[in-house]
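# Descriptive analysis of the structure
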Amino acid sequence: MTDSIPTTVDVVLPCLDEAEALPWVLARIPDGWRALVVDNGSTDGSADIARALGATVVHEARRGFGAACHAGLLAAEAEYVCFCDCDGSLDPALLDSFVREVARGDADLVLGRRRPTARGAWPPHARAGNLALARMLRRRTGLRLHDLGPLRAARRAALLDLGIADRRSGYPLEMVVRASDAGWRVRERDVPYLPRTGKSKVTGTWRGTWHAVRDMRAVLALPPGPGRTATAASAR
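Read on for an overview of the structure. Since the model is a prediction, treat every value here as computed from it, not as a measurement.

Turning our eyes to something else, we now look at the overall build of the protein chain. Check the secondary structure of the protein chain and you find eight helices and seven strands. Scored against the burial criterion, the 236 residues of the protein chain give a buried share of 53%. Counting contacts in the protein chain only where the partners sit at least 6 residues apart, residues at least 24 apart contribute 78% of the total.

Put into structure tokens, the structure is as follows:
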């Protein structure tokens, strides 16, 4: 199979008041790909900025990271779908190698393992919560992942078939859990993690981190889906 970058790719960008970061993020979307900015109730003009910069804007009134991500997935039409935060902390240009890996058949889901590039890019409480969840995920699925970061790529139809139900902070984790249950090959690749623009709505505080961990623990308690097994091959 060719190693060229597939052009049928949609990038889902959940967005809540990210006017300052949007120009940089959208400028980093690979040529020919479609940016789907999912506005989740912004009051800073994010939707207008995204539209002016050529992005397709999807509106999701129900608040929640998972609600925004899933609205983007439902709006996507391309064979491949990527996810990326819209706060400038992750470079969507890196997704080209993720998509190539899926297109070659080397993986079904590729995740970015965040590597902080500066002090404060990843607050200690957020990193600790992420590490704890990675360990719980390993016990639940057998996947030896180190991060549950939002930079990821997979095939759209396969993602829809997973039946992800969470619409809050547990959405990214449930995607991995359900993928593991379905026997997907899940791979992790290092990516630089930059200081975000603005304040995090989820992990910027201990309280936000706690709520995220609570949502994700509920996901880990879910039984395997119908016809699925609880253990998958280890990620590499």
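Following the structure, the description resumes.
On to the sheet that holds strand β5 (residues 109–116), then. As summarised here, the arrangement of the seven strands in space is β3-β2-β1-β4-β6-β5-β7, forming an open sheet in which the pairing is mixed. The sheet terminates laterally at β3 (56–59) and β7 (186–193), the two strands that pair on one side only. Between one strand axis and the next, the sheet turns by 20° as a mean value, whatever way the strands run. With eight bridges joining them, β5 and β7 adopt parallel strand pairing. Each residue of the ladder has a partner; that of Leu109, found in β7, is Val186. Across the face of the sheet, helix α4 (residues 95–104) comes into contact with β1 (9–15), β4 (80–83), β5, β6 (152–155) and β7 while running at roughly 30° to β6.

Here we come to empty space enclosed by the protein. In total, this model carries one cavity of 30 Å³ or more according to the counting rule given. Here the largest cavity defines a volume of roughly 60 Å³. Residue lining of the largest cavity: Pro14, Phe65, Cys69, Phe83, Cys84, Pro150, Arg152, Tyr171, Pro172 and Met175, and that is the complete set. Elements represented by at least two residues in the lining of the largest cavity include exactly α3 (65–75) and α7 (171–181). If you tally residues by element for the lining of the largest cavity, the top one is α7, at three residues.

Before going further, it helps to spend a moment on the pairing of β6. Summarising the sheet, β4 and β6 pair through four bridges and their orientation is antiparallel. Following the sheet pairing, Tyr80 is matched in β6 by Arg155. Summarising the sheet, β5 and β6 pair through three bridges and their orientation is antiparallel. Looking across to β6, one finds that Leu111 is bridged to Arg152.

What counts as what
- Residues numbered from 1 in each chain as written.
- Predicted model: local features only at pLDDT ≥ 70, side-chain atom pairs only at ≥ 80, totals over all residues.
- Heavy atoms only, no water.
- Helix = DSSP H or I, 4+ residues; strand = E, 2+ residues; numbered from the N terminus.
- Buried < 20%, exposed > 50% of the residue type's maximum accessible area, 1.4 Å probe, protein only.
- Contact = heavy atoms within 4.5 Å.
- Pairing = 2+ DSSP bridges.
- Axes fitted to C-alpha atoms, helices over the stretch in contact; angles between N-to-C directions.
- 1 Å grid on protein atoms, 1.4 Å probe; cavity = no way out; pocket = protein on both sides within 12 Å on 5 of 7 lines; lining within 4 Å.
- Points joined across faces, edges and corners; volume = space filled by probe spheres on them.

These figures capture arrangement, not role.
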